Amino acid sequence: MLESLGNIQNPILKSLTAAATIGSVMVLATSIALGVKNPKDDSAYQTALSASLLGAGCGAVFGLAYRPSRKTTGAIVEGEFFPASQEGTWKDWRNFVVVRKVKESEEITSFYLQPKDQGSIPGFLPGQFLTIKLDVPGQTRPVIRTYSLSDYCEPCTYYRLSIKREPTPQGLEVPPGIASNFMHDKVQEGSILQAKPPSGKFVLEVADSVPAVLVSNGVGITPMISMAKALNRLNPRRTAWFLHGARDGQFHAFREEVQTIAAQNSNLQVHIAYSRPREEDTGHYHSTGYVDAQLIHSLKIQNADYFLCGSAPFIESLREGLKQAEVPENRVFFEMFTKAKTSDRPMIESGHVDPGKGEVVFAQSGQTLSWQSDAENLLEFAEAHDLNPPYSCRQGICGTCQCRLLAGEVEYLESPTAEVDPGSVLICIAKPKTPRVVLDL
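Analysis parameters
Residues numbered from 1 in each chain as written. Predicted model: local features only at pLDDT ≥ 70, side-chain atom pairs only at ≥ 80, totals over all residues. Heavy atoms only, no water. Buried < 20%, exposed > 50% of the residue type's maximum accessible area, 1.4 Å probe, protein only. Helix = DSSP H or I, 4+ residues; strand = E, 2+ residues; numbered from the N terminus. Pairing = 2+ DSSP bridges. Axes fitted to C-alpha atoms, helices over the stretch in contact; angles between N-to-C directions. Polar contact = N/O pair within 3.5 Å; in protein donor to acceptor, adjacent residues only side chain to side chain. Salt bridge = Lys/Arg side-chain N within 4 Å of Asp/Glu carboxyl O. Expected span 1.5 Å × (residues − 1). Phe/Tyr/Trp six-rings, centres within 6.5 Å; stacked < 30°, edge-to-face > 60°. Lys NZ or Arg CZ within 6 Å of the ring centre and 35° of its normal. Contact = heavy atoms within 4.5 Å. Core = buried A, V, L, I, M, F, W, Y, C linked by side-chain atoms within 4.5 Å.

A. Quick look at the pairing of strand β7 (residues 159-164). Burial analysis of β7 places five of its six residues in the buried class, which makes it a mostly covered element. As judged from the six bridges shared by strand β4 (residues 108-115) and β7, these two strands associate in the antiparallel manner. Bridge pairing in β7 links F111 to L161.

Encoded structure:
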């Protein structure tokens, strides 16, 4: 019943359906019980009637309140639900060819990937990411990065990654983004990249009927494009807002693409904010300034789910603003593309094991390995030895990589943002602290 109820989009119809179903069950159960006890008692009919009315009332309330679990992996097409295709799913790494490279803005370039073996590839949920492995000259080990999938198509015949070139941070003596600059400068059409299957928990449930607010800045627009396209294709009746902030038209990626989606879907409202618009940007944005909680409040959005993606300060400000507006936390979903401020996530004093003098045991796989210092963390160390632990943010934010620590101790490279269960660790930001560490992997 719950699966069928969850697929009903109209809240009134969902309430009536639940009322009729539960009311009928109550009548049947009461009738059987009273019939066995005293079938000739006139009060039995009154009791059955009262039970049916009570059941119908409870069912109506339940129908209005019930919302399906966010574990659905499929799509609505003409009112029917179809599971997402898993055809073409693979494990570990698979070679992909860059079949197309497109400059989207001054900072963002898109890469279209198709499998080198020309086989099928699985679909994905809007908002998920792709993990790629790069052999960058001068690096002692492959560079592994995750990038949001920035397109949506059914059936899925390619993956699109839209990557921002990361410059050297102002005021810091650190190199520019290794992976992003390699992708922009060295990866061309015809290049071969290795990738793992789509993954990630920051996803939009297309089948849901609750209004969706997609909020982003900068390169945070990438998963939002996927979500907007999925809604337009699979559930265009769902009310949605697309709010995006950019510096100006030069730094606004996918402007025409979003305009095309909005023109096709009257239930999608778009608002673009430029912080420093140019004269030639006239007509391409709706407000001057930033996308923030005040802007959201001015749009008078009610009873919606919020999906946030962008820089850490952007996310933190929006979450605080939505909290003050009394938006429940369970209706706010977010993904950060950069780490939170160092002042908020202090580095932990180092006490880790010297390379070659400690061992890491992966209990489930039966591997005992000598720890090497060129691994940035235990997650990368596991991946380098052909293990595939779950992960998402790789920054200690989401908690996806949480793993039971069976023996030994680890140190965190920085304080976790996610809550960590007792006896568990976040392997994406941890290194061994004791000579022997045993993980439940």
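Text resumes after the structure shown.
B. Fine view of the sheet that holds strand β3 (residues 94-103). Across the sheet, which stays open at both edges, the six strands sit in the order β6-β5-β8-β3-β4-β7 with antiparallel pairing between neighbours. On the outer flanks of this sheet lie β6 (143-148) and β7, each paired with one strand and no other. Between one strand axis and the next, the sheet turns through 40 degrees on average, direction left out of account. The pairing of strand β5 (residues 129-134) with β6 spans six bridges and is antiparallel. Looking across to β6, one finds that T131 is bridged to T146.

C. Fine view of the side chain of T434. With respect to the element layout, T434 can be found in the loop between β20 (430-432) and β21 (436-439). Overall, T434 belongs to the buried group, its relative accessible area being 19%. Engagement of the side chain of T434 in a polar contact is seen with the backbone nitrogen of E409, the distance being 2.9 Å.

D. Expanded view of the pattern of salt bridges. For the structure shown, the criterion picks out 13 salt bridges. The partner of D117 in a salt bridge is R94, and the shortest N-O contact between them spans 2.9 Å. Taken together, the residues D117 in the loop between β4 and β5 and R94 in strand β3 connect sequence positions 23 residues apart. A residue is classified by how much of its surface remains accessible, and D117, at 52% relative accessible area, is exposed. Taking the relative accessible area as the measure of exposure, R94 reaches 11% and is therefore buried. The closest approach of N and O atoms between R160 and E257, which form a salt bridge, is 2.9 Å. Linking R160 in strand β7 with E257 in helix α6 (residues 255-264), this pair joins segments that are 97 residues apart in sequence. Looking at R160, the relative accessible area reads 2%, which means it is buried. Among the ionic contacts, a cluster of salt bridges with common partners joins D151, R160, K229 and E257.

E. Quick look at helix α5 (residues 221-234). With 14 residues, α5 extends 20 Å from end C-alpha to end C-alpha; this agrees with the ideal 20 Å at 1.5 Å per step. Taken across its 14 residues, α5 has 13 buried, putting it largely inside the fold.

F. Spatial organisation of the packing of aromatic side chains. One pass over the structure, following the stated rule, counts ten aromatic pairs. Each ring, one from W90 and one from F96, has its centre 5.4 Å from the other, and the planes form 50 degrees; the classification is tilted. Assessed through its relative accessible area of 11%, W90 is described here as buried. Here F96 falls in the buried class, since its relative accessible area comes to 0%. Taken together, a centroid distance of 6.1 Å and an interplanar angle of 65 degrees make the contact between F124 and Y159 edge-to-face. Of this pair, F124 sits in the loop between β4 and β5 while Y159 sits in strand β7, and the two are 35 residues apart along the sequence. With respect to class, F124 is no different from Y159; both count as buried. Put simply, the rings of W90, F96, F124, Y152 and Y159 touch in pairs and so form one group of aromatic residues. Directly above the aromatic system of W90 lies the positively charged group of R94, at a separation of 5.0 Å from the ring centroid.

G. Highlighting the environment of P211. Summarising the element assignment, P211 is placed in the loop between β8 (192-195) and β9 (212-217). Distance in space between the C-alpha atoms of P211 and A240 is 5.4 Å, their sequence separation being 29 residues. Discounting residues that sit within four places of it in the chain, P211 has contacts with R238, T239, W241, N303, A304 and D305.

H. Focus on helix α4 (residues 178-185). Judged by how many residues are buried, α4 sits mostly within the fold: six of eight residues are covered. Buried within α4 are the following residues: A179, S180, N181, F182, M183 and H184. Where α4 is buried, its residues meet β3, β4, β5, β6, β7 and β8.

I. Focus on the nonpolar core. Ranked by internal contacts, the top residues of the largest apolar core, which has 52 residues, are Y159 and F242. Looking at this core, the element that brings in the most residues is α5, giving eight residues. Look past the residues within four positions of Y159 in its chain and what remains in contact with it is W90, F96, F111, Y112, L113, I121, P122, F124, L130, L149 and P198. Listed in part, the 26 residues of the second largest apolar core include F362, A418, I427 and A430.

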